[in-house]
Amino acid sequence: MTIRLYDTATREVRDFVPLVDGHVGIYHCGLTVQAAPHVGHIRKEVVFDVLRRWFEHHGYAVTMIANLTDIDDKVLIKSAEQDLPWWALAYANERALHDAYTVLGCIPPTYEPRATGHIPEMLELISALMAKGHAYVAEDGSGDVYFDVRSWPAYGELSRQRIDDMEVAADADPRGKRDPRDFALWKGFKKGEEPDSAAWPAPWGLGRPGWHLECSAMVGKYLGDEFDIHGGGLDLRFPHHENELAQSRAAGRRFARYWVHNAMVTTAGEKMSKSLGNSALVSEVVKRVRPIELRYYLLAPHYRSVIEFGFDALAEAAAGFRRLEGYVVRASEVTDGVDPRDGMLCAGFVAAMDDDLGVPAALAAVFEVVREGNKLLAEGDSSALRGNLAAVRRMLAVLGIDPLSPVWSAVTRDEKPVQDALDALVAHLMRQRENARAVGDFTAADAVRDSLRAAGIDVEDTPSGPRWTVG
RNA sequence: GGUGGAGUGGCCGAGAGGCUUAGGCAACGGCCUGCAAAGCCGUGUACACGGGUUCGAAUCCCGUCUCCACCUCCA
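Participant: So what about the protein's contact with RNA strand B? Which residues, and what values?
Facilitator: In the vicinity of RNA strand B lie 64 residues, with Trp211, Gly233, Asp235, Leu236 and Lys274 positioned nearest. In RNA strand B, atoms within 4 Å of the protein come from the sugar-phosphate backbone in 61% of cases. Note that a phosphate oxygen of RNA strand B is positioned 2.9 Å from one of the side-chain N or O atoms of Ser305. One of the side-chain N or O atoms of Arg330 is found 3.2 Å from a sugar or linking oxygen in RNA strand B. Broken down by element, the residue count for the surface near RNA strand B peaks at seven residues, all from helix 11 (residues 359-378).

Participant: Got a sec to walk through the layout of surface pockets? Specific residues and values, please.
Facilitator: A volume near 1,200 Å³ is recorded for the second largest pocket. Lining the second largest pocket are 27 residues, and of these Arg290, Glu325, Val329, Thr469 and Val470 sit closest to its centre. Those elements giving two or more residues to the lining of the second largest pocket turn out to be helix 9 (311-335), helix 13 (416-438), strand 14 (457-462) and strand 15 (465-470). Considering every element that reaches the lining of the second largest pocket, the biggest residue donor is helix 9, with six residues. Tallied by class, residues from the lining of the second largest pocket come to ten nonpolar, six polar and eleven charged.

Participant: So what about the domain arrangement of chain A? Which residues, and what values?
Facilitator: Where interface size is quoted, it is often the accessible area lost as the parts come together. Taken domain by domain, chain A consists of domain 1 (4-262), domain 2 (288-408) and domain 3 (416-470). Look at where the C-alpha atoms of domain 1 and domain 3 centre, and you get two points 56 Å apart.

Participant: Before we move on, can you summarise the side chain of Glu242 with the specific residues and values?
Facilitator: By the element assignment, Glu242 lies in helix 6 (residues 237-250). A polar contact of 3.1 Å, which involves the side chain of Glu242, links it to the backbone nitrogen of Leu158. Not counting residues within four places of it along the chain, the set of residues in contact with Glu242 comprises Tyr155, Gly156, Glu157, Leu158, Ser159, Arg160 and Arg237.

Participant: Describe the nonpolar core, with residues and values.
Facilitator: The biggest cluster of nonpolar side chains holds 112 residues, and the ones touching the most others in it are Phe55, Phe349 and Met353. With ten residues, helix 11 is the largest single contributor of residues to this core. Counting contributing residues per domain, this core is built from domain 1 (4-262) and domain 2 (288-408), each supplying no fewer than three. Ranked by size, the runner-up nonpolar core spans 14 residues in total, among them Leu158, Met218, Leu223 and Phe255.

The rules behind these values
Residue positions are given per chain, counting from 1 as you read along its sequence in written order. Numbering of ligands from 1 and lettering of chains from A proceed in the order in which they are written. Side-chain atom pairs in this predicted model are given and counted only at pLDDT of 80 or more, local residue features only at pLDDT of at least 70, and totals for whole chains, interfaces and linings cover all residues. Only hydrogens and water are set aside when side-chain values are computed; all heavy atoms of the structure are taken into account. Being near a molecule or strand, for a residue, means having at least one of its heavy atoms within 4 Å of it. Polar contact criterion, stated in full: a pair of N or O atoms within 3.5 Å, where within protein one must be able to donate a hydrogen and the other to accept it, and residues adjacent in sequence count only if both atoms are side-chain atoms. Each helix is a run of DSSP H or I of at least 4 residues and each strand a run of E of at least 2, with the numbering of both proceeding from the N terminus. Two kinds of site are reported from a 1 Å grid over the protein atoms alone, namely cavities, where a 1.4 Å probe fits but cannot get out, and pockets, open sets with protein on both sides within 12 Å along at least five of seven lines, and residues are called lining when an atom falls within 4 Å of a point. Grid points are joined across faces, edges and corners, and a volume is the space filled by probe spheres set on the points. When residue character is reported, Ala, Val, Leu, Ile, Met, Phe, Trp, Tyr, Cys and Pro are called nonpolar, Asp, Glu, Lys and Arg charged, and the others, Gly included, polar. Note that the domain bounds reflect an automated or database-derived domain assignment. A contact between two residues is defined here by any heavy atoms of the two lying within 4.5 Å. The term nonpolar core refers to a set of buried residues drawn from Ala, Val, Leu, Ile, Met, Phe, Trp, Tyr and Cys, joined through side-chain atoms within 4.5 Å. Burial classification: accessible surface area is computed with a 1.4 Å probe over protein chains only, and a residue below 20% of its type maximum counts as buried, one above 50% as exposed, and the rest as partly exposed.

What follows is the structure, given as structure tokens:
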């Protein structure tokens, strides 16, 4: 059983071979913390969370590093607009990101380094690039330092582009650059235009890091010169990852062995994006559907397929998830629960997951096991039912959507007395209904059921007795 | 202009030459139920278009159309 992954660099599905047996180091580009995370951002977190869980299922010790880019042009611009210190904006959005991780049941990264905490590592990298002739100080006195793309013949290898075929950005600022495609490693401080707190001393003068540099520096610090997997959204392939790759390799580091990119989330046919203003914030979406349903919606399609975000599709996905959840809950009531760690993954699930994280086929396998489980459930408690339930829960746990995981139990202390009161009241009405049914007074029994339904409580009769759910 | 990706049944969404009826949602029929609900069994409508290769094409080739992502702000 080997995990196979699509590698963007080679454009093929390859067997995963770790650098160190039994270990896997994954770096995925976190966020530039300029705004609260939207559904597209959190899709990436969910995808890498599932990847991580699958590696762990295979017995790998996973080191997961996700960066936080907390100083950058956009952070400065947005914070100025909002009349906040840049670091306050960055930190507020960092916390919003953590809230989104938590609410969607993502395991936190092993470490989440911040760009501002790694200036020395970045300076060291720039020095190495200068020493090898791949970086230069701008000649216009701006204090900028650029990477010289013409000095690195492999430039463009990740996105398969030739420098001469690239369009030069309309807004490119060519000042001091040898080639308009050269990118900034260091941005000279502009006294008066930028806050004094956004500048750090460097041999080339006060300034701040350019975008891309932080990732190369932090990957090197936490995962080493060569590491297993570098990931992120497909939109980062160029320029971000191309530039990370160039500056790391040019500095003599071997860098990533596999590149894993997830596809975008679109709305109305366009990429969900902070700058397009078409974002659905995670914090808003989870007011309309349960977080576990959003997570299911985001992981059910293959990670390399575009998701056209919509509340109708989300509701439909949620209906599918509830089929799984309904089985797990009903079977657990009958068996008094099982330990999902006792479950056996079915072969179809494993084969699908091993094949480039084939979650759609893996879920199809889960649905088939659930169908078997529902048949067993009709016959009551049995060891077969327990085995089936444990298997289903274990497979759902690999995807991070086990409905009974404590991660999803939202009952807080404050709600407990309310919950208890509701339980008591509904139980009383249920007894009334049962008494009426026992004497054949179905009019009275149905009246109770109707009144409960009007209050949002569904009643159903099962072989093991009536049950109710808040629907 | 350059680099990638996509178009599948009412909807979502896999598959990548024959042996998936993928799966799910919705619909319809049956079973179960006092009636429901849930569940189980069954049913239908597919592979953007035009050619070609092949015994056989959703899958390969050629052409056409449409859409998406990236080309230095982006997950």
